[in-house]
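Descriptive analysis of the structure
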Amino acid sequence: MSDDAFEAAYGRPAELAWHAPGRVNIIGEHTDYNDGFALPAALPLGVTAQVAARDDGVVQASSVQDDDAVTVPIEDLAPGSVQGWAGYVVGVIWAFREAGHHMPGLDIVVDGSVPIGSGLSSSAALECAVAGAVDDLFGLGSTPADLITVARRAENDYVGVPTGALDQSASVLCREAEALFIDFRSMDTRRVPLDLDGAGLRLLVIDTQARHQLADGEYAKRRAECARAAELLGVPMLRDIDDDELAGALERLTDPVLRRRARHIVTENARTLQTVQVLEGQGDPRAIGTLLLASHISLRDDFEVSCRELDLAVSTAMDTGAHGARMTGGGFGGSAIALVDDTDTDAVTDAVQGAFAEAQLTAPVIFAMQPARGAHRCDA
Ligand code: GLA
């Protein structure tokens, strides 16, 4: 991003800028709030936040993508007091203040390339870019874990969307050419090689254009169902049920909905561990394809968070030779991923576009990605 947007908005240059990416989740869906496992990778798309300090206790925020700018005294910030995209920005300032940091005031311009509502974590990219920039601007000395916490508080407590730690952890911690294994109980992470180029593979991201809204209650409902299933099984979290204890646990759950939810979480954790094993074993990454497809089927049938567009993207990609495909992110719309040989990229892309056209659905946006770098300072 050039200085121009900042200069145009505030009549002075930015002091510094941070970039933070959106993410895809390779596998491990809806496991984060069950203390389970996930394996995200950073997108080459993200948000850049330019900042400069003020000394009058005011935060001004504007966006290259949106004309609505905000100007608010920091001491007036309270959960939900600013709505829309700017809520995620000032939510980060609020969260730093809640953590005990003095916020003297600042001007911010954000510039994002992650499509909103695509299940690719545009909000986490926004929060993490702002968190990194604010921390750097005021020399707060935050650790990566602190940045994740502040970004999550903006999302969960300021904006009020009850997500887990997946998106912000991915946006801060991911690295180029790698996926990131996360254990959400210990918050331990491990870098997992994902050299797709070297294996002649592409990861296609299929943004179905079907838009979801995590705040609409279905996400919170899944969380509550998982918590209830764990309570009935007498464990702190569904993470505490191993794959080999699953059959016995399912017999003890009489409610068929809770049984399906629990089965997804337990099997998804097992699939995530197996995926990591394959990738770390330096075997052919194509071998994770069957695990990706099994994850999609489980999300569709047991967790019931897929939709017509996601199912069509996955089935068409599989029919055209993808090694594996699945919805990624929270679901109810958003994006799917497909693991394909690089020689099949065009064929799969064309087939998915054709299937959507035939079904009279909005044309999806499809692109190939290589895992990119997590949040970092960039040129202002
Ligand atoms: C959304 C949430 C994450 C996670 C995923 C599902 O992206 O923000 O915390 O729960 O859904 O894996």
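Preceding block: the structure.
Residues numbered from 1 in each chain as written. Predicted model: local features only at pLDDT ≥ 70, side-chain atom pairs only at ≥ 80, totals over all residues. Heavy atoms only, no water.

**Observations regarding the site of the ligand**
Counted only if it meets this: The cutoff for a nearby residue is simple: one of its non-hydrogen atoms must lie within 4 Å of the molecule or strand. Any N or O atom pair separated by 3.5 Å or less is treated as a polar contact, with the protein-specific requirement of one donor-capable and one acceptor-capable atom, and with residues adjacent in sequence counted only for side-chain atom pairs. Exposure was quantified through the Shrake-Rupley algorithm and a 1.4 Å probe, taking into account, for residues, occlusion by the shown protein chains and nothing else. Whether a set of points on the 1 Å grid over the protein atoms alone is a cavity depends on a 1.4 Å probe fitting there but being unable to get out, while an open set qualifies as a pocket with protein on both sides within 12 Å along at least five of seven lines; lining residues are those with an atom within 4 Å of a point. Pocket or cavity membership: a molecule qualifies when more than half of its atoms sit within 2 Å of the grid points of that site. Each residue is assigned to one of three groups, with Ala, Val, Leu, Ile, Met, Phe, Trp, Tyr, Cys and Pro labelled nonpolar, Asp, Glu, Lys and Arg labelled charged, and all others, Gly among them, labelled polar.
Inspection of the region around the ligand gives 13 residues, with Glu29, His30, Asp32, Asp167 and Tyr219 positioned closest. At 2.9 Å, a side-chain N or O of Arg23 approaches an oxygen atom of the ligand. Backbone polar atom of Gly164 to an oxygen atom of the ligand: 2.9 Å apart, as the coordinates give it. Compared with its free state, where it exposes 310 Å², the ligand has 98% of that area covered by protein. When atom positions are compared with the pocket grids, the ligand is found to occupy the largest pocket. The residue makeup of the shell around the ligand, split by class, is four nonpolar, five polar and four charged.

**Comments concerning the layout of surface pockets**
Worth spelling out the cut-off: Grid points are joined across faces, edges and corners, and a volume is the space filled by probe spheres set on the points. Numbering goes from the N terminus for both helices and strands, where a helix is a DSSP run of H or I of at least four residues and a strand is a run of E of at least two.
Roughly 870 Å³ of internal volume is contained in the largest pocket. Every residue lining the largest pocket is counted, 44 residues in all, and those nearest its centre are Tyr88, Ile116, Gly117, Ser122 and Ser123. Those elements giving two or more residues to the lining of the largest pocket turn out to be helix H2 (85–98), strand S5 (106–112), helix H3 (122–137), helix H4 (144–159) and helix H5 (166–173). Of the residues contributing to the lining of the largest pocket, the split by class is 16 nonpolar, 20 polar and eight charged.

**Things to note about the side chain of His296**
Filter applied, for reference: Throughout this description, buried means an accessible area under 20% of the type-specific maximum (1.4 Å probe, protein chains only), exposed means over 50%, and partly exposed covers the range between.
Along the chain, His296 falls in helix H9 (residues 289–301). We classify His296 as buried; its relative accessible area is 2%. In terms of polar contacts, His296 uses its side chain to reach the backbone amide nitrogen of Met327, at 3.0 Å.

**Topic: unusual backbone geometry**
In the Ramachandran plot, Met187 falls in the positive-phi region, its phi being about 60° despite a non-glycine side chain. Its identity is not glycine, yet Glu304 carries a phi of approximately 55°, on the positive side. Here Glu304 lies in the loop between H9 and helix H10 (308–319).

This is a description of form; function is not addressed.
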